[in-house]
Amino acid sequence: METEWNLKILLKTIDKKKFNILLIVVVIIVLFVTYYMYFERSIYNSSFSVFVDKPDQSMENIVLSDSMLKLVSDHIGDQKVTPDYIKTVTTVTINKEQKTLSVSVNSESPDLAYTIAKQFQTDAKDKLVEVYSITKYEMIKEPIKPTEPVNNNSEKYILRAIIVIAIAIVIYMALVMYKQAIFTEEQLKNRKINYIGKVEKNLRKNKVNENDLKSLVKSIQLNTSIKNSKLINFIKVKQVITIKDMLFGLANNLAKYNKNILIIERRSTNRKSKDNEDKNRLEYIFSDKSSKIANIARKSKDNLYILTVGNNELYQLDCEDKINALVKKLKDEFDYIFIQTAEEEENSEIWNNAADTNIIVVEYGKTTMPQLEAIKQVIEDMDGKVAGAIVDVTKK
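Residues numbered from 1 in each chain as written. Predicted model: local features only at pLDDT ≥ 70, side-chain atom pairs only at ≥ 80, totals over all residues. Heavy atoms only, no water.

### Quick look at the overall build of the protein chain
What counts here: Every helix listed is a DSSP run of H or I at least four residues long, and every strand listed is a run of E at least two residues long, numbered separately from the N terminus. Think of it in three bands: residues with accessible area under 20% of the maximum for their type are buried, residues over 50% are exposed, and the middle band is partly exposed, with areas taken using a 1.4 Å probe on protein chains only. Contact between two residues is taken to exist if any of their heavy atoms lie within 4.5 Å; hydrogens are not considered. The Shrake-Rupley method, run with a 1.4 Å probe, gives the accessible areas here. Residue values count only the displayed protein chains as cover.
When helices and strands are tallied, the protein chain shows 16 helices and 13 strands. Relative to its 396 residues, the protein chain shows a buried fraction of 42%. The contacts of the protein chain with a sequence gap of at least 6 include a subset with a gap of at least 24, amounting to 81%. A total accessible area of about 22,200 Å² is found for the protein chain, and carbon and sulfur atoms account for 51% of it.

Laid out in structure tokens, this is it:
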């Protein structure tokens, strides 16, 4: 059920925001195309390689020396082609193993790239022979005039655009979901969901704010749908860590008003021996021997009882007659019965429907409004009732 809800919420949100998402895609594509067509500078390359019998790494310094750069610049005879410019566009590579010297020129002008490379081919030979007394200067690769830019890679821009679009959509959806997170009473009221109250708890101190609990009691007493309900199911959404302390605190405060209250406490299913005890206890409740559930429940305080059962045992009561029989016994004996189910649990709808009313406990700033509405809709589709929502504020 959890996976289905999350998927439905996401798909609904995407459907609502599809025009905004489409706009994001179009804007990013337009920006990339504009940059590619008008701002991306094409770079042309012309290069040559020669074989030298005495390769030395310092040859690079000779080729790119001030005197060599000035010589090439003077021979080209263009005022724009200064020695400094030639140095920025030229790369020299020495390969000692293959005994090669390579000169590569990158320029925005194909003609200029070729002209500089060709002039280097002519002028470098005399300079290298003079300095290194090389006897061989054999051309391996002649410089040619480039026709295509070396940075003409449209596939690269398409891939970048796809990545940017994906990131932009993820960020946009994250902001949308954050905006839908529940923070205030007004948000609930705007969606016609009753705000019962908030409960602030400190996990480190394992303590629930007493003032919040008292406010919840007042809300319950003023809320007709809750006040007239006996079996109340508290549904914990997945973002809420625990509501056990809240339930016990709420029950303690209600018990002070001479209300007989039963909390059906959940035990982890990994304790098999206890699960067998729970099964026997439930079987005893259904048997003719059972007179009062209070006799087998643990009494915590005056008017407050706790019946501990395993998770499996509650959901194995899938027979409507058994559930009705249990509910009748509970209601005959107690003013309020609190039971806890969770959003992600299978078969939790059994108790959602059996309860007189359901209260959904959401997590402040984490549970989204679509998630809350989805849970509410599922309960109401099965003829269950939702009294409202409690906002859990957890401080770690």
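What follows picks up the thread again.
### Brief notes about the sheet that holds strand β3 (residues 100-107)
Quick reminder of the rule: Strand pairing is defined by DSSP finding a minimum of two bridges between the two strands. A fitted line through C-alpha atoms represents every axis, and for helices the fit uses only the stretch in contact; the resulting angles, taken between N-to-C directions, go from 0 to 180 degrees.
Ordered by their spatial adjacency, four strands build an open sheet running β2-β3-β1-β4, and the pairing between neighbours is antiparallel. Looking at which strands have only one partner, the edges of the open sheet turn out to be β2 (90-95) and β4 (137-141). Adjacent strand axes in the sheet meet at a mean angle of 25° when their direction is disregarded. With four bridges connecting them, strand β1 (residues 44-52) and β4 associate as antiparallel partners. Across the sheet, Phe51 pairs through a bridge with Glu138, a residue of β4. Running over the sheet, helix α6 (residues 110-132) touches β1, β2, β3 and β4 and is turned about 20° from β1.

### With respect to a nonpolar patch on the surface
Where we set the bar: Two joining distances apply to patches: 9 Å for like charges and 5 Å for nonpolar side chains (Val, Leu, Ile, Met, Phe, Trp, Tyr), and every residue must have over 30% relative accessible area and no salt bridge. A pair is scored as a salt bridge if a Lys or Arg side-chain nitrogen falls within 4 Å of a carboxyl oxygen belonging to Asp or Glu.
Together, Ile29, Val33, Tyr35, Met37, Tyr38 and Phe39 make up an exposed nonpolar region whose accessible area comes to about 680 Å². Among the structural elements, Ile29 can be located in helix α2 (residues 18-39). Judged by relative accessible area, which is 40%, Ile29 ranks as partly exposed.

### Considerations on unusual backbone geometry
Of note, the phi angle at Lys99 is positive, near 55°, even though the residue is not glycine. The exposure class assigned to Lys99 is partly exposed, which follows from its relative accessible area of 34%. In the Ramachandran plot, Asn258 falls in the positive-phi region, its phi being about 60° despite a non-glycine side chain. Checked against the element boundaries, Asn258 lands in the loop between α11 (244-255) and β8 (261-267). When its relative accessible area of 65% is taken as the criterion, Asn258 is described as exposed.

### Quick notes on the confidence of the model for the protein chain
Quick note on the threshold: The predictor reports its confidence for every residue as pLDDT, a score running from 0 up to 100.
Residues with a pLDDT of 70 or more make up 84% of the protein chain, whose mean pLDDT is 81. Taken together, the stretch residues 1-5 has pLDDT below 50 and engages in nine contacts with residues farther than four places along the chain or on a different chain.

### Describing the packing of aromatic side chains
As a reminder, the rule being used: Ring pairs are drawn from Phe, Tyr and Trp, using the six-membered ring of Trp, whenever the two centres fall within 6.5 Å, and their geometry is named by plane angle: stacked under 30 degrees, edge-to-face over 60, tilted for the rest.
The full count for this structure, using the stated rule, is three aromatic pairs. Taking 5.7 Å as the distance between ring centres and 65° as the angle between the ring planes, the aromatic pair formed by Tyr305 and Phe334 counts as edge-to-face. Highlighted residues: Tyr305 in strand β10 (residues 304-310) and Phe334 in the loop between α14 (320-333) and β11 (336-342), separated in sequence by 29 residues. Residue Phe334 is classed as buried on the basis of its relative accessible area of 3%. Between Tyr336 and Phe338, the ring centres sit 6.3 Å apart and the planes meet at 40°, which makes this aromatic pair tilted. The residues Tyr336 and Phe338 share a single accessibility class, namely buried.

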